[in-house]
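Residue-level listing of the chains:
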Amino acid sequence: MFNLLYIYGDPTHLSSSRIWQEVSTFVNQSSHCATICMGHLNDIMNPWEKYGNAPPNFNRISMFCNHLRHVGLMDMG
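My aim in this report is to walk through the structure given alongside it, one point at a time. Here the structure is a predicted model, which is why all the values come from computation and not from measurement.

Reading the values: rules and limits
- Residues numbered from 1 in each chain as written.
- Predicted model: local features only at pLDDT ≥ 70, side-chain atom pairs only at ≥ 80, totals over all residues.
- Heavy atoms only, no water.
- Axes fitted to C-alpha atoms, helices over the stretch in contact; angles between N-to-C directions.
- Helix = DSSP H or I, 4+ residues; strand = E, 2+ residues; numbered from the N terminus.
- Parallel < 35°, antiparallel > 145°, perpendicular 65-115°, else oblique.
- Left-handed = near helix turned anticlockwise from the far one by under 90°.
- Contact = heavy atoms within 4.5 Å.
- Nonpolar A, V, L, I, M, F, W, Y, C, P; charged D, E, K, R; others polar.
- Expected span 1.5 Å × (residues − 1).
- Buried < 20%, exposed > 50% of the residue type's maximum accessible area, 1.4 Å probe, protein only.
- Arc of directions from axis to C-beta.
- Core = buried A, V, L, I, M, F, W, Y, C linked by side-chain atoms within 4.5 Å.
- Phe/Tyr/Trp six-rings, centres within 6.5 Å; stacked < 30°, edge-to-face > 60°.

### Notes on the packing of helix H1 (residues 16-29) against helix H2 (residues 58-71)
(1) Moving on: At a minimum axis separation of 10 Å, H1 and H2 run at an interaxial angle of 15 degrees. By the angle between their directions, the pair H1 and H2 is classed as roughly parallel. Handedness of the H1/H2 crossing: right-handed. Contacts between H1 and H2 involve Trp20, Val23, Ser24 and Val27 on the former and, on the latter, Phe64, His67, Leu68, His70 and Val71.
(2) Moving on: Here the contact of H1 with H2 is built from residues that sort into six nonpolar, three polar and no charged.

Structure below.
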C-alpha cells in the first residue's frame, strides 16, 4: 500500500511555502506507508532544466531542493 500525492505547484510561487508545508504534514501523518508524489510542481532541481530566455533562479532551485529533502522525496527521473 502507498499514498499517491498529485501536486500542481503555484506558477507564481506565492503559495509555494504553504503548499510544501501541507505536503510535509501529509507525508508525516502518513509515515506508515510510502508516498509517491507527482504532478506539475512548477519548479526545477537543476539549472540545465530551465528553458526560455530568462536565467534560472538559483535561490528558487535551492528552496525547491530543500523542500524535497525536508519532506523526504527524491526525483525518480
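Still more ground to cover, so stick around.
### Section: H2
(1) Moving on: Taking 1.5 Å per residue, 14 residues should reach 20 Å; H2 reaches 20 Å between its end C-alpha atoms and fits that length.
(2) Moving on: Of all the positions in H2, only Ile61, Phe64, Cys65, Leu68 and Val71 are classed as buried. For H2, the buried positions fall inside an angular range of 135 degrees around the axis, keeping them on one side. Along H2, exposed side chains directed more than 90 degrees from the buried face belong to Phe58, Asn59, Arg69 and His70.

### Digging into the nonpolar core
Soluble globular proteins tend to pack their nonpolar side chains together in the buried interior.
(1) Moving on: Core analysis: the largest hydrophobic core is formed by 10 residues, namely Leu5, Ile7, Ile19, Trp20, Val23, Val27, Phe64, Leu68, Val71 and Leu73.
(2) Moving on: Contributions of two or more residues to this core are made by strand S1 (2-8), H1 and H2.
(3) Moving on: No other element matches the four residues that H1 contributes to this core.

### Points about H1
Since the α-helix turns once every 3.6 residues, residues separated by three or four places project in the same direction.
(1) Moving on: The end-to-end C-alpha separation of H1 is 20 Å, in line with the 20 Å expected for 14 residues at 1.5 Å each.
(2) Moving on: Residues of H1 that are buried in the fold lie against S1, strand S2 (34-40) and H2.

### Quick word on the packing of aromatic side chains
(1) Moving on: Scanning all chains against the criterion turns up one aromatic pair.
(2) Moving on: A centroid spacing of 5.9 Å and a plane angle of 65 degrees characterise the contact between Trp20 and Phe64, whose relative ring orientation is edge-to-face. Of the two residues, Trp20 is situated in helix H1 and Phe64 in helix H2; the sequence distance between them amounts to 44 residues.
(3) Moving on: The exposure class assigned to Phe64 is buried, which follows from its relative accessible area of 4%.

In short, geometric facts, not functional conclusions.
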